[in-house]
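# Report on the structure
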Amino acid sequence: MAEYDISKLHPVFVRQMDALAALDIEAVMKNYTDDAVLLRFEGASVGIEAVRETFTGYLTVKPTLVELQEYIETEDTIFYRAIMNLNGEPEHAFGTLVVRDGRIWRQTAGFGG
């Protein structure tokens, strides 16, 4: 398994991981465009206010990155698989971030093995 130096990855990904670790909703939201869409199996959050509502709930489970298992990026797309702690329990996570103008424009996210 590859090891990743988080600080050397795409700056949007680094900012997102830092904001989540700090449980800082304002820092999280600065990473998103006003017309952002977050797509999960539970549903779609369309627009910045819907994304804010989703992340406000997500931050209550105190997400913490345990291990970045796989990661690949292009100039505007990030694809990852990780283990996250949610409420102190490990969860397999995966997702895609599509970046526009230095912020997240589209995101997919899911949990499970």
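Residues numbered from 1 in each chain as written. Predicted model: local features only at pLDDT ≥ 70, side-chain atom pairs only at ≥ 80, totals over all residues. Heavy atoms only, no water.

Judged by pairing direction, the sheet is mixed, and its six strands sit side by side in the order β2-β1-β6-β5-β4-β3 without closing on themselves. Two strands close off the open sheet at either side, each with one partner strand: β2 (43–46) and β3 (64–73). Direction aside, neighbouring strands of the sheet carry axes that sit 15 degrees apart on average. Note that strand β1 (residues 32–40) and strand β6 (residues 103–111) share four bridges and pair parallel. By the bridge assignment for β6, Leu39 is matched with Thr108. The strands touched by helix α3 (residues 48–58) within the sheet are β1, β2, β4 (77–86) and β6, with β1 carrying the most contacts at an inclination of about 55 degrees. (Pairing = 2+ DSSP bridges. Helix = DSSP H or I, 4+ residues; strand = E, 2+ residues; numbered from the N terminus. Axes fitted to C-alpha atoms, helices over the stretch in contact; angles between N-to-C directions. Contact = heavy atoms within 4.5 Å.)

A few words on the environment of Ala22. Note that Ala22 resides in the loop between α1 (11–21) and α2 (25–29). Here Ala22 falls in the exposed class, since its relative accessible area comes to 53%. Considered as a pair, Ala22 and Lys62 are 40 residues apart in the sequence and their alpha carbons are 9.1 Å apart. (Buried < 20%, exposed > 50% of the residue type's maximum accessible area, 1.4 Å probe, protein only.)

Let us look at α3. Each α-helix turn comprises 3.6 residues. Residues three or four places apart therefore point the same way. Along α3, the positions that sit buried rather than exposed are Ile48, Val51, Thr54, Phe55 and Tyr58. The buried residues of α3 occupy an angular sector of 125 degrees when the element is viewed end-on, so they sit on one face. Every exposed residue of α3 that faces more than 90 degrees away from the buried side is listed here: Glu49 and Glu53. Those residues of α3 hidden inside the fold are in contact with α1, α2, β1, β2, β4 and β6. (Arc of directions from axis to C-beta.)

Functional significance is not addressed by these values, which are geometric in nature.
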